[in-house]
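# Inside the fold
Here is what each chain is made of, one letter per residue.
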Amino acid sequence: MLRVAIIGVGTMGHVHTDAYQQMPDVDLVGVYDADPARAQAFAEARGLSTVYPSAEALIGDVDVVDVCTPTPAHAEYVLAALYAGRDVVCEKPMARSLADCARLIAAAKESGRTLMPAQVLRFFPEYSSATAVIRQGAVGNPATIRTRRGGPFPRATNDWYGDFAQSGGVTLDTIIHDFDWLRWTFGEVEYVYAKASYYNHPTPLDHLDYSLVTLKFRSGAVAQVEGTWAEPGSFSVFLEVCGDAGMIHFDSMESVPLRVNRRQQGGAVGGVAVPESPTSANGYYLELRHFIDCVQAGTTPTITPVDGYYAVEIALAALESARTGKRVAIQGPPARVIAERMPVAA
Amino acid sequence: MAIRIGIMSFAHMHAESYAEQIQSLPGAELAGVADHEPERARTMAARLGVPVFGYETLLRQADVDAVVICSENVRHRELVEMAAAAKKAVLCEKPLATTIEDGEAMLKACRENGVALYTAFPCRFHPAYVRLRQTVHAGELGALIGARSSNHGVNPDGWFTDTKLSGGGAAMDHTVHVADLLRDLSGAEPVEVYAEIGNGIRHGDFDDVAMLTISFDNGLFATLDASWSLPKTFWTWGDVTLYVTGTGGTAGLDMFAQNHQVFSDAALRPRLSNWGDNADRHLVSAFIAALSGEAPPTPLPWGAPPLATGEDGLAAARVAIAAYQSARTGEAVSVRPS
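One structure accompanies this document, and this report is about it. Here the residue numbering is sequential within each chain, running from 1 through the sequence in written order. Chains and ligands are labelled by the order in which they are written, letters from A for the one and numbers from 1 for the other. Two thresholds apply to this predicted model, a pLDDT of at least 70 for residue-level local features and 80 or more for giving and counting side-chain atom pairs, whereas whole-chain, interface and lining totals are computed over all residues. Excluding hydrogens and water, the side-chain values take into account all heavy atoms of the structure.

### A look at the side chain of A:E287
Residue and element names in this part refer to chain A. Note on placement: E287 falls in helix α11 (residues 283-297). Think of it in three bands: with a 1.4 Å probe and only protein chains considered, a residue is buried below 20% of the maximum accessible area for its type, exposed above 50%, and partly exposed in between. In this count, Lys and Arg are taken as positive residues and Asp and Glu as negative ones, while His and the chain termini are left out. Salt bridge, as used here, is a side-chain nitrogen of Lys or Arg placed within 4 Å of a carboxyl oxygen of Asp or Glu. Here E287 occupies a buried position and makes no salt bridge, while the nearest side chain of opposite charge, R122, is found at 8.6 Å. Engagement of the side chain of E287 in a polar contact is seen with the backbone nitrogen of V120, the distance being 3.5 Å. Apart from the residues lying within four places of it in its own chain, the contact partners of E287 are H16, M116, A118, Q119, V120 and F123. Secondary structure elements follow DSSP: runs of H or I no shorter than four residues count as helices, runs of E no shorter than two count as strands, and numbering proceeds from the N terminus. By the criterion applied in these results, polar contacts are pairs of N or O atoms within 3.5 Å in which, for protein atoms, one can donate a hydrogen and the other can accept it, and in which residues neighboring in sequence qualify only through two side-chain atoms. Residues count as neighbours in contact if any of their non-hydrogen atoms are within 4.5 Å of one another.

### Considering the sheet that holds strand β8 (residues 190-198) of chain B
All names here are of chain B. Any two strands with at least two DSSP bridges between them are considered paired. Sheet architecture is open: seven strands sit in the order β12-β11-β7-β10-β9-β8-β15, paired in mixed fashion. The open sheet has two edge strands, β12 (249-254) and β15 (333-334), and neither has a second partner. Judged from the five bridges that link them, strand β9 (residues 209-216) and strand β10 (residues 221-225) form a sheet pairing that is antiparallel. Opposite I214, over in β10, you have A222 as the bridge partner. Strands β7 (144-150), β11 (241-246) and β12 of the sheet are contacted by helix α6 (residues 127-137), whose axis makes an angle of about 165° with β12. Axis lines are fitted through C-alpha atoms, for helices just across the contact stretch, and the angle between N-to-C directions can take any value from 0 to 180 degrees. Contacts between helix α8 (residues 170-186) and the sheet are confined to β7, β8, β9, β10 and β11, with β9 contributing the most and set at about 25° to the helix.

### What about the state of the cysteines?
The criterion for a disulfide is a pair of cysteine sulfur atoms lying within 2.5 Å. On inspection of all chains with the given rule, the structure shows zero disulfides over all chains. For the unlinked cysteine B:C123, the closest cysteine sulfur is that of B:C70, found at 14 Å.

### A word on the packing of helix α4 (residues 76-85) of chain B against helix α5 (residues 100-112) of chain B
All names here are of chain B. At a closest axis distance of 9 Å, the pairing of α4 and α5 adopts a crossing angle of 10°. The pairing of α4 with α5 is recorded here as roughly parallel in orientation. Here H76, R77, V80, E81 and A84 of α4 come into contact with α5, specifically with E101, D102, A105, M106, A109 and C110. A breakdown of the residues in the contact of α4 with α5 according to their chemical character gives six nonpolar, one polar and four charged. Oblique is the label for every angle not falling under 35 degrees (roughly parallel), over 145 degrees (roughly antiparallel), or within 65 to 115 degrees (roughly perpendicular). Following the grouping adopted for this structure description, the nonpolar residues are Ala, Val, Leu, Ile, Met, Phe, Trp, Tyr, Cys and Pro, the charged ones are Asp, Glu, Lys and Arg, and the polar ones are all others, Gly among them.

### Observations concerning the side chain of B:N151
Residues and elements named next belong to chain B. When you line up the elements, N151 lands in the loop between β7 and α7 (163-166). What makes N151 buried here is its relative accessible area of 1%. A polar atom in the side chain of N151 sits 2.9 Å from the backbone oxygen of D239. The residues touching N151, leaving out its near neighbours within four places in the chain, are H174, H177, V178, L224, D225, A226, S227, W237, D239 and V240.

### A look at the pattern of salt bridges
Oppositely charged side chains can form a pair if their charged atoms are brought close together. Applying the stated criterion across every chain, the model contains 42 salt bridges over all chains. Across the pair A:R103 and A:D100 runs a salt bridge, and its minimum N-O distance is 2.7 Å. Of this pair, A:R103 and A:D100 both sit in helix α5 (residues 98-111), three residues apart, which is roughly one turn of that helix. Residue A:R103 is classed as partly exposed on the basis of its relative accessible area of 45%. Measuring nitrogen to oxygen at the nearest pair gives 2.9 Å for the salt bridge that ties B:D173 to B:K94. Residue B:D173 is located in helix α8, and its partner B:K94 is located in the loop between β5 (89-93) and α5; the two are separated by 79 residues in the primary sequence. Residue B:K94 is classed as buried on the basis of its relative accessible area, which comes to 3%. When salt bridges that share partners are traced, they join B:R124, B:R133, B:D180, B:R183, B:D184, B:E189 and B:D312 into one network.

### A closer look at the packing of aromatic side chains
Each aromatic ring pair is characterised by the separation of its centres together with the angle its planes make. Pairing of aromatic side chains requires ring centres within 6.5 Å, counting the rings of Phe and Tyr and the six-membered ring of Trp. Pairs whose planes differ by under 30 degrees are stacked, by over 60 edge-to-face, and all others tilted. With the rule as written, the count across this model stands at 18 aromatic pairs over all chains. Taking 6.2 Å as the distance between ring centres and 80° as the angle between the ring planes, the aromatic pair formed by B:W235 and B:F263 counts as edge-to-face. Here B:W235 is found in the loop between β10 and β11, whereas its partner B:F263 is found in the loop between β13 (259-262) and β14 (271-274), with 28 residues between them in sequence. Judged by its relative accessible area of 30%, B:W235 is partly exposed. Residue B:F263 is classed as exposed on the basis of its relative accessible area, which comes to 58%. Clustering of aromatic rings is evident, with ring pairs tying together A:Y127, A:W181, A:F186 and A:F217. Ring-over charges, as used throughout, are those where CZ of Arg or NZ of Lys falls within 6 Å of the ring centre and within 35 degrees of the ring normal. Here the guanidinium or amino end of A:R96 rests over the ring plane of A:F164, the centre of that ring lying 5.9 Å away. Lying over the aromatic face of B:Y243, B:R148 brings its terminal NZ or CZ to 4.5 Å of the ring centre.

### Points about the pairing of strand β11 (residues 236-243) of chain A
Residue and element names in this part refer to chain A. Counting buried positions along β11 yields eight of eight residues, so the element is predominantly enclosed. Side chains S236, F238, E240 and C242 project from β11 onto one buried face, and the interleaved V237, L239, V241 and G243 project onto a second face that is buried too. Bridge analysis of strand β7 (residues 142-150) against β11 gives eight bridges, and the strand direction is antiparallel. From the neighbouring strand, P142 faces β11, where its bridge partner is G243. Of the pairings in the sheet, the one linking β11 to strand β12 (residues 247-251) comprises five bridges and is antiparallel in character. Paired with V241 across the bridge in β12 is I248. What sits between the antiparallel neighbours β11 and β12 is a turn of three residues.

### Concerning the sheet that holds strand β4 (residues 64-67) of chain A
Residue and element names in this part refer to chain A. Spatial ordering of the open sheet is given by β3-β2-β1-β4-β5-β6, a layout of six strands whose pairing is parallel. At either end of the open sheet lies a strand with only one pairing partner, and these are β3 (50-51) and β6 (115-118). Pairing of strand β1 (residues 2-7) with β4, which is carried by four bridges, proceeds in the parallel orientation. Among the inter-strand pairings, I6 is bridged to a residue of β4, identified as D66. Together, β1, β2 (26-32), β4, β5 (87-91) and β6 form the strand contacts of helix α4 (residues 74-83), whose direction differs from that of β5 by roughly 170°. On top of the sheet, α11 reaches β1, β2, β4, β5 and β6; it is set at about 160° to β5, its chief contact.

Structure (structure tokens):
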């Protein structure tokens, strides 16, 4: 039985708790949060035995540490956990800065422990299956890719998403999912060009963020990624890949197997339509199951700290491009921080 | 008195559609056709039941008020200059020109001869766009922030892939429609273009990958996929989509979404049968109205956009031309109106 605890009890803390509580070989023992009252309420609501008084106490008590805090706190907790000999899964983005990402790669190498950045898209069926179809050759050699991801501006504790210095906006926080999936599926990125409302809209926007990012892959393929926190409608995603032998297209607004329309109590008109796309395979569960399996077996997760570094680098390069108006080359982590025994993604 | 219109060249497939609109709309008649390919001229004249001319005789002897020019792209300049010299109003197929030099010469020729020059941008007149335009111009989306757009399609082949005649591949063919819509919608001018242009679909000596980022002088930025990237098995020829995000909301335009899905065992693949408006009809209607000074024969109930002028045509062409320059240099290229 692996003893697991979660640092940070926001939205992702709940999502990860859902996943661990379905695993018979995992004992989710407790949580730590910078807000003790919130941690207490979370533990009671989710039936967890322990609320740790500090991150150190949590790290000292378990086998596996799951970091679900706001982005800027990731590096500190991950470093402490790795050097304490714990295996760690860390929400995306792996860290707020590339320097911190490099420190995490080095720490994983030095400690010999497992660190998996939670780039969960690889486990979402609509994305893993797209990758499989593309790898089967259905589109031939990919040439153009377009993706979209977004919805309303996210609300969270202390409005930390609204503080660009903490969250990096939609570019670092949300379309980092697409960046990782794209790199996983289409290989290394050569350079990035982007426009972002944070830098390019003529006036500051209040809780609206929007980015359009172009990625050029070493293969020659080109991707355009749309990220939005300026959508008053519901969250949606889109992906389309055209190659020299075909095309694959997916739009979450079109692929809706169930729509439920509930009549408003007492109202003659105006129900609320709620689209659902239920699958028994839950991406978050599959992701954490993979991580736990790797920890149990002593194998390396398919998402490495180097992958986490690249995803952050692409996002930060996009913001740099939006700021400067020039395209920005993707370098990858400095050679000295890449562990010899750590496989670099294809 | 009906406006008498001649057609100069059927190289572009839209010519036949424009001819049908001229023949079926009140207020206009098709006076005759001409083409530098005599066989094509004879075939089209017979099909349309109108006389065939040479270019000069069509302009000088067929008593036409105006001409529609649908030649290969690089011949637009020569034919527009010919029509201008004969004092005939012109509706020219897009892209208006493939070089800025050609475009400016065309505008000059028409200006000096006192001749009206219009660019054939039918998408301006599609009801779905006109409603979007009305929504945006009423301020319902607030200030525009960004847009994701596409005008990507199946490779049209023929002279379109012969850059000596087309002046360029997909980026030249497909950039201008959405560039024009974005200008008309935002009331802003493009100031900078970044583009990735390649040949990753057919691997030929023409571009079929065209992925642009266009920035406007009001801060709006947009990506445009103008590639010839859709497979032969795709439902239809392609699309025009425009997903706009503003401070007050978002709107999504999928111009050719009014379809029946048709599955016929006689065909190898399913197809879409579009039941929406024919934008070409509204375009020709607006052209007739511009020439006659009367109301267009097919009014649009949401306020009709203006017919795109030669200046509009060149402004859109500048975006395509800048895209090639950007792809060559690897940098965003500034676009400046002359």
